[in-house]
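Spelled out, the chains give:
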Amino acid sequence: MTVQDVEGETPVRGHRRPLTFGTKAFFGVGSVANGAYNALGGLTLFFHSQVVGVPPHIASLAISAVIFIDGFWDPLIGHGSDQFRSRIGRRHPFIYMALLLLPVALFLRWHPPGWEASVMFW
């Protein structure tokens, strides 16, 4: 008896059929949200320096500081979620919390208070 693939054809050893466009598209759809979020992130420097009025060197320093801190923060959060145990799983409570906090964070990102540039940095 031979192992058959989904289509009912017996695969030749060492040779695989190329992936269909539909398969590639469905695998790629998961990246759309990440790409859109990163595209909006690229507008942050322009928005804060041109629209809000923060000097570009202060805005870019703040963005750089956030990226630097994120490099240390992400592994800590990952370790914490690996050790976390709850009735609904390890990651689900964090996902549900993000559903509440992410809209607030995005609103505050694009509607900053009209404070002085040095105060806005901190």
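About the criteria used
- Residues numbered from 1 in each chain as written.
- Predicted model: local features only at pLDDT ≥ 70, side-chain atom pairs only at ≥ 80, totals over all residues.
- Heavy atoms only, no water.
- 1 Å grid on protein atoms, 1.4 Å probe; cavity = no way out; pocket = protein on both sides within 12 Å on 5 of 7 lines; lining within 4 Å.
- Points joined across faces, edges and corners; volume = space filled by probe spheres on them.
- Helix = DSSP H or I, 4+ residues; strand = E, 2+ residues; numbered from the N terminus.
- Nonpolar A, V, L, I, M, F, W, Y, C, P; charged D, E, K, R; others polar.
- pLDDT = per-residue confidence, 0-100.
- Contact = heavy atoms within 4.5 Å.
- Salt bridge = Lys/Arg side-chain N within 4 Å of Asp/Glu carboxyl O.
- Buried < 20%, exposed > 50% of the residue type's maximum accessible area, 1.4 Å probe, protein only.
- Axes fitted to C-alpha atoms, helices over the stretch in contact; angles between N-to-C directions.
- Parallel < 35°, antiparallel > 145°, perpendicular 65-115°, else oblique.
- Left-handed = near helix turned anticlockwise from the far one by under 90°.

A word on the layout of surface pockets
There is about 1,000 Å³ of room inside the largest pocket. Sorting the residues of the lining of the largest pocket by element identifies helix H3 (44-52), helix H4 (56-83), helix H5 (92-110) and helix H6 (117-121) as the ones contributing at least two each. Per-element accounting of the lining of the largest pocket gives the leading share, 12 residues, to H4. Of the residues assigned to the lining of the largest pocket, the class counts are 27 nonpolar, 3 polar and 3 charged.

Observations regarding the confidence of the model for the protein chain
Of all residues in the protein chain, 89% attain a pLDDT of 70 or more, and the chain-wide mean is 83. Within the protein chain, H6 has the poorest average pLDDT of any element, 76, and H4 the best, 90.

Details of the environment of Pro 112
Structurally, the position occupied by Pro 112 is in the loop between H5 and H6. A C-alpha to C-alpha distance of 7.8 Å links Pro 112 and Val 52, two positions 60 residues apart in sequence. In this structure, Pro 112 is in contact with Phe 47, His 48, Val 52 and Met 120, ignoring residues within four places of it in sequence.

As for the pattern of salt bridges
Under the criterion given, the structure shown has 1 salt bridge. Here Arg 91 makes a salt bridge to Asp 82, at a shortest N to O gap of 2.7 Å. Judged by its relative accessible area of 37%, Arg 91 falls in the partly exposed class.

Some points on the side chain of His 48
With respect to the secondary-structure elements, His 48 resides in helix H3. On the accessibility criterion, His 48 (15% relative accessible area) is buried.

As for the environment of Ile 63
Relative to the helices and strands, Ile 63 is located in helix H4. Remark: the alpha-carbon pair of Ile 63 and Leu 45, spanning 18 residues in sequence, is separated by 7.7 Å. Contact partners of Ile 63, with chain neighbours within four places excluded, come to Thr 44 and Leu 45.

As for the packing of H3 against H4
Viewed as axis vectors pointing N to C, H3 and H4 meet at an angle of 150°, and their least axial separation amounts to 9 Å. Put simply, H3 runs roughly antiparallel to H4. The interaxial crossing formed by H3 with H4 has right-handed handedness. Side by side, H3 and H4 meet where Thr 44, Leu 45, His 48 and Ser 49 of the first sit next to Pro 56, Ala 59, Ser 60 and Ile 63 of the second. Residues of the contact of H3 with H4, tallied by class, amount to 4 nonpolar, 4 polar and no charged.

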